[in-house]
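Coordinate analysis (summary)
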Amino acid sequence: MAEYLIQDTTLTAIGDAIRTKTEKTNLIPVSGMADEILQISSGAELNFEVVGGTTKPANPIENTIWVNTENEITSWIFSATEPYGNSLVISANHSINSSSTKVSIVDNSNNAIIASQTVTGTTYYSVFTDVVISFTTADGSKGTLTCSVRQNTTPFFVGTVVVDGVAVGTVSIGTGTNSSYAWNGAQTISYTKNSAEDGMVWIVTSAVSDFEFNALKKNAVQVYPNSLKQYVSGEWVEKPTELYQNGAWTQFIDKGYLYYYSQQSYEWEAVAQKCVNASNNAAVAPVPYYNSDGSVKISFTPLSGSRCSGIFWLAEDFDLTNYSTLEISLGECYKPSVQIMLVVTKRNTYWGTDSTYSSGTAYAYLNITTALSNTIQTLDVSGISGEKCIGIGFNEGSACYATMNYLKAKSD
Amino acid sequence: MFYIDSEYKCHATNPNGEYRAIDKELFNGMSDTFIEGYRYIPEGESWTRSDGVTFKGEMVAPWKPYNELDTAQREYEREKLTECTEALQVLGVEV
């Protein structure tokens, strides 16, 4: 074996380098230098791990995120907003008095108005063709909206959006007839800036999360995740996820999910409660049937021959302060005549609306009809704050039902 | 009866005849301020919020902070109560 001479100053320099990396101060024997070097981490060590599979890991470490998925996890990313995606909101507001249309483009990634232009004409039905509005998105992409305002034709405002040379969508705003126009409106154009790779996991972080952990063993990078999605076949798919902390698994679920298939994060109860506009009628409790797929079919059978009301609501009020939208995924629904509604109401003697202020108890509602079966619907709660009662109300004279897959309060 | 504009915002009156009339007893007894803080989307129609979320009708929701509307409504009802009290006093009714 060959032996080489090494100067003391060189060994001292190596020792100093080890001490700098390990933050130790003691002298290191030459024979121990190799071990010390091996123990030095080459980068920031993570304080969590992401594991995919259909069964829970047998020996999880603290902060193990188990994603119940059949798809291989290729990478992960923490983000509050959709990674690699972006959307623009194109709005057109027509002023009849000044015969002009104000066109605005908002970048949803930061809610900034990136272009705004008023197109002015001379007559009530002004005609404009090929107006080109240029914009630059927050991430530096260059785009154009080529649009026109059309005479006596709906949609009255049409346009094509191009970003970085690629046509990403068309705009079509304005409905009605010549005598009754709804001139104004807005439309969202979604596009992908770069493709997320298949299998990538997006750990959604939020200010309203129930979870937190330090992502690094050294230094503090506190993260607040509240849900998880995986990029599968070109779209982000929500995946059931659990987090291992303090020796126990906890369902990793967005606290905004008021009902999420079979994963119950909040208690619901069916109540024989009268509706405001049927206050003279009988109250009957609806009956929830939990389907094998985790959805709940809420059936309502009024007393024979009379209109009755009842409600299936959260057992406790929910604070809507940080939320702007209630999103409900509906399964099969059947509403024969009067009323089934997703309602934000007061937990008073009566629930519902359609009455005077003194007795009216609803803040907002969305009517659920048979035609809305198997769709996702939304209710605007941006104007409502504080703890409120949320439920599915029934006010019917015939048997009816609504099926709920999930109900989510959303902040974006 | 109330009215909605092209953004489905509610109005208590229709001075220029440009709003659409909605024959629905949704805001009986409510002040103009309260009514005009609400949005009503009729069944079969939809509206897209500035953040891109689309809402289908029939939907009723406040577009102004509800707490502001509630405060205005309570003030309106106090004024109405005062007016009624004064009217009864003029008529000689003890209140």
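Note that the structure is predicted; figures quoted are calculated from it, not measured.

**Here we look at the interface of chain B and chain A**
Many descriptions give the size of an interface as the accessible area lost when the pieces come together. Taken together, the contact pairs 34 residues of chain B with 33 residues of chain A. Buried surface at the junction of chain B and chain A, summed over both partners, amounts to about 2,700 Å²; 46% is from carbon and sulfur atoms. With a shortest N-O distance of 2.8 Å, Asp380 of chain A and Arg49 of chain B are connected by a salt bridge. Counting the contacts that link chain B with chain A gives 13 residue pairs in polar contact (both at pLDDT 80 or more). Within the residue set of the side of chain B that touches chain A, elements represented by two or more residues are strand 4 (38–41), strand 5 (46–48), strand 6 (54–56), strand 7 (59–62) and helix 2 (66–90) of chain B. For the side of chain B that touches chain A, the element with the highest residue contribution is helix 2 of chain B, accounting for 6 residues. Here the residues of the side of chain B that touches chain A are counted per class, giving 13 nonpolar, 8 polar and 13 charged. The pairing of strand 32 (residues 362–367) of chain A with strand 7 of chain B spans 2 bridges and is classified as antiparallel. Bridge pairing links Tyr365 of chain A to Val60 of chain B in strand 7 of chain B.

**So, the sheet that holds strand 6 (residues 112–120) of chain A**
Residue and element names in this part refer to chain A. Strands sit in the order 6-5-4-13 across an open sheet of 4 strands; the sheet is antiparallel. Whereas interior strands pair on both sides, the edge strands pair on one side only; in this sheet they are strand 6 and strand 13 (185–192). The average angle at which neighbouring strand axes cross in this sheet is 15 degrees, direction not considered. With 8 bridges connecting them, strand 5 (residues 100–107) and strand 6 associate as antiparallel partners. Bridging from a neighbouring strand, Lys102 pairs with Thr118 of strand 6.

**Looking at the confidence of the model for chain B**
Confidence in the prediction for chain B averages 89 pLDDT; 99% of positions are at 70 or higher. Both scores are given for the predicted complex: the pTM is 0.62, the ipTM 0.91.

**Comments concerning helix 2 of chain B**
Between its first and last C-alpha atoms helix 2 of chain B spans 36 Å; for 25 residues at 1.5 Å apiece the expected length is 36 Å, and the two agree. Taken together, the buried positions of helix 2 of chain B are occupied by Tyr66, Leu69, Asp70 and Gln73 of chain B. Buried residues in helix 2 of chain B make contact with strand 32 of chain A together with helix 1 (32–35), strand 4 and strand 7 of chain B.

**A short note on the pattern of salt bridges**
Within this structure, the stated rule accounts for 11 salt bridges over all chains. The salt bridge involving Glu327 of chain A is made with Lys410 of chain A; its shortest N-O contact spans 3.0 Å. One end of the pair, Glu327 of chain A, is in strand 29 (residues 325–334); the other, Lys410 of chain A, is in strand 35 (residues 400–410), and 83 residues separate them in sequence. On the basis of relative accessibility, which here comes to 22%, the residue Lys410 of chain A falls in the partly exposed class. Among the charged side chains, a salt-bridge network with shared partners connects Asp380 of chain A together with Arg49 and Asp51 of chain B.

**Quick word on the pairing of strand 4 (residues 85–95) of chain A**
Residues and elements named next belong to chain A. Burial within strand 4 is extensive, with 9 of its 11 residues counted as buried. Note that strand 4 and strand 5 share 8 bridges and pair antiparallel. Across the sheet, the residue bridging to Leu88 is Asp107, located in strand 5.

**Structural notes on the environment of Val168 of chain A**
All names here are of chain A. With respect to the element layout, Val168 can be found in strand 10 (residues 166–173). Look at Val168 and you get partly exposed, because its relative accessible area is 22%. When the C-alpha positions of Val168 and Tyr191 are compared, they lie 6.1 Å apart, and in sequence the two are 23 residues distant. Those residues in contact with Val168, other than ones at most four positions away along the chain, are Val161, Val162, Val163, Ile189, Ser190 and Tyr191.

**Looking at helix 1 (residues 8–22) of chain A**
All names here are of chain A. With 15 residues, helix 1 extends 21 Å between its outermost C-alpha atoms, agreeing within 8% with the 21 Å of an ideal straight helix rising 1.5 Å per residue. Of the positions making up helix 1, those classed as buried are Leu11, Gly15, Ile18 and Arg19. The buried residues of helix 1 occupy an angular sector of 100 degrees when the element is viewed end-on, so they sit on one face. Away from its buried face by more than 90 degrees, helix 1 exposes Thr9, Thr20 and Lys21. Those residues of helix 1 that are buried are in contact with helix 2 (33–39). Looking one or two residues past helix 1, Glu23 carries a phi angle of roughly 60 degrees, positive in sign.

**A few points about the environment of Thr154 of chain A**
Residue and element names in this part refer to chain A. Position of Thr154 among the secondary structure elements: in the loop between strand 8 (142–149) and strand 9 (157–163). Assessed through its relative accessible area of 31%, Thr154 is described here as partly exposed. Separated by 21 residues in the primary sequence, Thr154 and Thr175 place their C-alpha atoms 5.5 Å from one another.

**Side note on the nonpolar core**
In summary, soluble globular proteins display a tendency toward joint burial of nonpolar side chains. Residues and elements named next belong to chain A. Counting 68 residues, the largest nonpolar core has Leu326, Leu342, Ile390, Ile392 and Leu407 as its most contacted members. Residues within four places of Ile390 in sequence aside, it is in contact with Leu258, Trp268, Trp313, Leu314, Phe318, Leu320, Leu326, Leu342, Val343, Val344 and Leu407. Within the second largest apolar cluster, 22 residues are counted, among which are Ala115, Val119, Val149 and Val163.

**Points about the sheet that holds strand 18 (residues 235–238) of chain A**
Residues and elements named next belong to chain A. Taken together, 4 strands build an open sheet; the order of strands is 3-14-17-18 and the sheet is mixed. Every other strand in the sheet has two partners, leaving strand 3 (76–79) and strand 18 as the edge strands with one partner each. Going from strand to strand, the sheet's axes swing by 30 degrees on average, the running direction of each strand aside. Direction of pairing for strand 14 (residues 201–205) relative to strand 17 (residues 225–232): antiparallel, over a ladder of 5 bridges. The residue bridging Val201 from the neighbouring strand is Gln230, located in strand 17.

Each value, and the rule that gives it
- Residue numbering note: each chain is counted from 1, following its sequence as written.
- Written order decides the labels, with chains lettered from A and ligands numbered from 1.
- Owing to the predicted nature of the model, reporting of local features is limited to residues with pLDDT of at least 70; listing and counting of side-chain atom pairs is limited to 80 or more, with chain, interface and lining totals taken over all residues.
- Values shown for side chains rest on all heavy atoms present in the structure; no hydrogens or waters enter the calculation.
- Note on contacts: a residue pair qualifies if any of its non-hydrogen atoms lie within 4.5 Å across the two residues.
- Summed over both partners, the accessible surface that disappears when two parts come together, traced with a 1.4 Å probe, is what is meant by buried area.
- When a carboxyl oxygen of Asp or Glu lies within 4 Å of a side-chain nitrogen of Lys or Arg, that pair is called a salt bridge.
- Here a polar contact is taken to be a pair of N or O atoms separated by no more than 3.5 Å, where protein atoms must pair a possible hydrogen donor with a possible acceptor and residues adjacent in sequence count only if both atoms sit in side chains.
- Going along the chain from the N terminus, every DSSP run of H or I of four or more residues is numbered as a helix, and every run of E of two or more is numbered as a strand.
- Polar here means any residue outside two lists: the nonpolar Ala, Val, Leu, Ile, Met, Phe, Trp, Tyr, Cys and Pro, and the charged Asp, Glu, Lys and Arg; Gly therefore counts as polar.
- Between any two strands, at least two bridges found by DSSP are needed for them to pair.
- For helices, the fitted axis covers only the stretch in contact; all axes are lines through C-alpha atoms, and the angles between them, taken along N-to-C directions, range from 0 to 180 degrees.
- pLDDT is a per-residue confidence score from the predictor, ranging from 0 to 100.
- To estimate the expected span of a helix, count its residues, drop one, and scale the result by 1.5 Å.
- Per-residue accessibility, obtained with a 1.4 Å probe over protein chains only, is compared with the maximum for each type, and a residue is labelled buried under 20%, exposed over 50%, and partly exposed between these values.
- The arc in question is the one traced by the directions running from the helix axis out to the C-beta atoms.
- In this text, buried Ala, Val, Leu, Ile, Met, Phe, Trp, Tyr and Cys residues form a nonpolar core when linked through side-chain atoms within 4.5 Å.

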